[in-house]
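# Architecture and fold: a report
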2 protein chains.
Amino acid sequence: MVVTPAKAGLDFAAIKVGEGYMIVSADPITGVVDEIGKYAVFVSANDVATSGNRPQFAETVVLLPQGSLAVDVEILAKQIDKAAKEIGVTIVGGHTEVTPGLRKPIVMATVFGFVKKYISSGDAQDGDTIMMTKTAGLEGTAAISRELGIPKGIASQAVTRRARRFLGSISVVDEAVAAFGTGQVSAMHDCTEGGVLGAVYEMSIASGLGFELKESAVPVAPETNILCSKLTLDPLKLIGSGSLLISVRSGKEEIVRNALKQVCKATVIGHFTSRERVLMKADGSESRISSAPEDELWRALSGRR
Amino acid sequence: MVVTPAKAGLDFAAIKVGEGYMIVSADPITGVVDEIGKYAVFVSANDVATSGNRPQFAETVVLLPQGSLAVDVEILAKQIDKAAKEIGVTIVGGHTEVTPGLRKPIVMATVFGFVKKYISSGDAQDGDTIMMTKTAGLEGTAAISRELGIPKGIASQAVTRRARRFLGSISVVDEAVAAFGTGQVSAMHDCTEGGVLGAVYEMSIASGLGFELKESAVPVAPETNILCSKLTLDPLKLIGSGSLLISVRSGKEEIVRNALKQVCKATVIGHFTSRERVLMKADGSESRISSAPEDELWRALSGRR
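Next up on the list: the sheet that holds strand β6 (residues 106-115) of chain B. Residue and element names in this part refer to chain B. With mixed pairing, the six strands of this open sheet are ordered in space as β1-β2-β3-β6-β4-β5. With one partner strand each, in any of the chains shown, β1 (2-4) and β5 (90-98) form the two edges of the open sheet. For this sheet, the mean inter-axis angle between neighbouring strands, taken without regard to orientation, is 20°. Strand direction decides the pairing type here: strand β4 (residues 57-64) and β5, joined by eight bridges, are parallel. From the neighbouring strand, Ala58 faces β5, where its bridge partner is Ile91. Against the sheet, helix α2 (residues 70-86) touches β4, β5 and β6, its axis set at about 160° to β4.

Shown next as C-alpha cells:
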C-alpha cells in the first residue's frame, strides 16, 4: 500500500511494508559528465534521506554514448561504488548499455531503504523555523566550475579549485539523519533545482503554507559569491544539492544546531506562516513568490545572462 | 541483506525484508518510440515475474527530447498507467524531464514486489525439461513491424497488422505466476536480447549447466516466420520478450502445461544437461554454443543482412 505517493515537491514515495515502510526515490543525472556516477547516487540518496533515514540500497541504470570504451564503464562503476560506500548504500543491481544517439552519459539511480518512521517535505507546520545546512548553490558552484570551466579573469585558480571541490559536499544523508534524530523536526527537503528559494517554495506548496525567507540570512560561500556576482547569477536560485532545508519546531533551533555540530553548519533563514510566500530581500524590499523560480544553472550553462 | 545480487543472466536482485524478500529490477527502453511506456513497464515487470511472483510497484523515469510537448508527456504517462494497471502494478512515483541532446525518448522503470519465496534463472537442475511459452521473437516481430515498417512486397497488410499486435503479448507475468504455482518449476527466465537461444544460453550459464535445444521444436508464429525469412533473420536469435523459459522437473511437463492452459501455449523445446551447450538444428546438424548470440533485431534495424 502506497502511503505517501510521490508528487510535486515531495522527494520520495513511501510504501507500507510489514510494520514499517519502504522509502524510494529515482532520479536521472543527464546534464553533467564529470563524476556523474557520484551525482546519481548522492542525489537520489538525498531524496530518501529527507525522510529522516539513511538509505540502504540502490539499483542503477547507466546509458553510455556510442564510442564509449570499457574503461569508461569501469570509471563509472567505480564512481558509483565509491559514492555508495561513502554513504552506506549497497548497490543491488543495475543495467549498463551503449545507447545509440546519446551525446552524453545518463546515469539513473533508484535508491531505497526500509524504515520504522519518517517525515516528508509536506509535513512542515505553521510557525516552524526554516533552517538550512551548509551554503546556497553548492551543486551549481561545483557544476559551473567543472563543466563550464570558469572564464579567465573571473576567479583565481585557487577559488576555482575550491569551487570544484564543492562536489564533495552534495550528500545530505548524515545531516538529515542527525536532524531527524532530535525529534524536533517536522519536515525536510533538499535544495535541488531552483536553489534554496525553489526548495522553500516547494516545501511551502507541499505543506500548504506561506513563508518569510530572509535573503540576508542565507549563507553563501565566498566561492559561490564570486562566481555568481561575475556571472550575474542569483545564488538563492542556483541548484543546491548538498544543502538541506529543515523545518524545525519554533524554539528548538539550538537543539538541531547542536545535533548537527559534528556534521555541518546549520543556519536559520526564515519561518513558515499561514500567510503569503514572501522573500525579504537584502535591500529591504519584499517580493511575493508565486511560482517556482527557474534555476540559474541552465542560464549559466547556456550562456544567457 | 542482499541474498541474490543481480548478475549476468539473472533477471532481478532479491533482498531479505522481514520474513520475506523484496524482488527488484530496473531496465531502460531506449530503442523504440511507439508504446515505449508500455514496453518499459512490461519488460521490468517480466524480470520480477521470473521470480514466480506478481510485481507490485514501479518507479519510472521519463526523459524526453527537446521540443516535446505537454501532450507527449500525457501520452507517455497514459501508456505507463495503462500497462501498469493491466498487470496489477501500482506506480509509486517518478521523474519526467526534457533532456537536451536526446534524439528519442528514454523510459526507465524500476519494478519491485514483496514476496514469500522465489526462484531465479540460476536454479535450473540437470535433467530439467526446457519449456517456452507462446512463440519465438515476439518482441522483435512487433518492433520490426512498428519501428522499421515492413518493406512493401515482403508481407501483406494483414500480416503486418497482426505482427504489430504482438506487442500486446510481451508480458509474461500471468504465465510466470501460474507456472510457479505448480511447484514443479526450478527456474524461469524471460527471452530478451538474443532471443530464445540467448535466453537458454544465459540460463545455462547462470545455473552452471549444459543444454540440448531442438530448433525444430521451437514454435514460431507465421508472421515471425514471414518476416524472418524475407529479412534473412534467425527467429531463435530475435529479441523475444513475451516468451518465458521455464525449467520444469522432468516428467512434470503436463502439470505445467495444464496450469498454463488458460493463459497461453507452452511447448517443450529441450532440456538441461551436465554436458555441452548444443543447438540441434532443424537440418540434423549440431552446433556448439559457446557465447551469447548477437540479437537479430539490431541487424534488422541497422539494415545489415
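That was the structure; now back to the text.
With that settled, consider the pairing of strand β7 (residues 129-133) of chain B. A regular strand places its side chains on the two faces of the sheet in alternate fashion. Residues and elements named next belong to chain B. Counted residue by residue, β7 has five buried out of five residues, so it is predominantly covered. In β7, alternate side chains face the same way, and those of Thr129, Met131 and Thr133 on one face and Ile130 and Met132 on the other are all buried. Here β7 pairs with strand β10 (residues 244-248) via four bridges, running antiparallel. Each bridged residue has a counterpart across the sheet, and for Met131 the counterpart in β10 is Ile246. With five bridges connecting them, β7 and strand β11 (residues 266-273) associate as antiparallel partners. Bridging from a neighbouring strand, Met131 pairs with Val268 of β11.

Superposing chain A onto chain B takes a rotation of 180° plus a shift of 0.0 Å along the axis, which leaves an RMSD of 0.0 Å. This pairing of chains is accounted for by a two-fold axis. Across chain A, the rotation axis passes nearest the C-alpha of Leu102 of chain A, at a separation of 3.1 Å. Comparing contact sets, 100% of the residues at the interface of chain A also lie at the interface in chain B, consistent with an isologous, same-surface contact.

Calculation rules
- Residues numbered from 1 in each chain as written.
- Chains lettered and ligands numbered in written order.
- Predicted model: local features only at pLDDT ≥ 70, side-chain atom pairs only at ≥ 80, totals over all residues.
- Heavy atoms only, no water.
- Pairing = 2+ DSSP bridges.
- Helix = DSSP H or I, 4+ residues; strand = E, 2+ residues; numbered from the N terminus.
- Axes fitted to C-alpha atoms, helices over the stretch in contact; angles between N-to-C directions.
- Contact = heavy atoms within 4.5 Å.
- Buried < 20%, exposed > 50% of the residue type's maximum accessible area, 1.4 Å probe, protein only.
- Least-squares fit on C-alpha atoms with pLDDT ≥ 70 in both.

These figures capture arrangement, not role.
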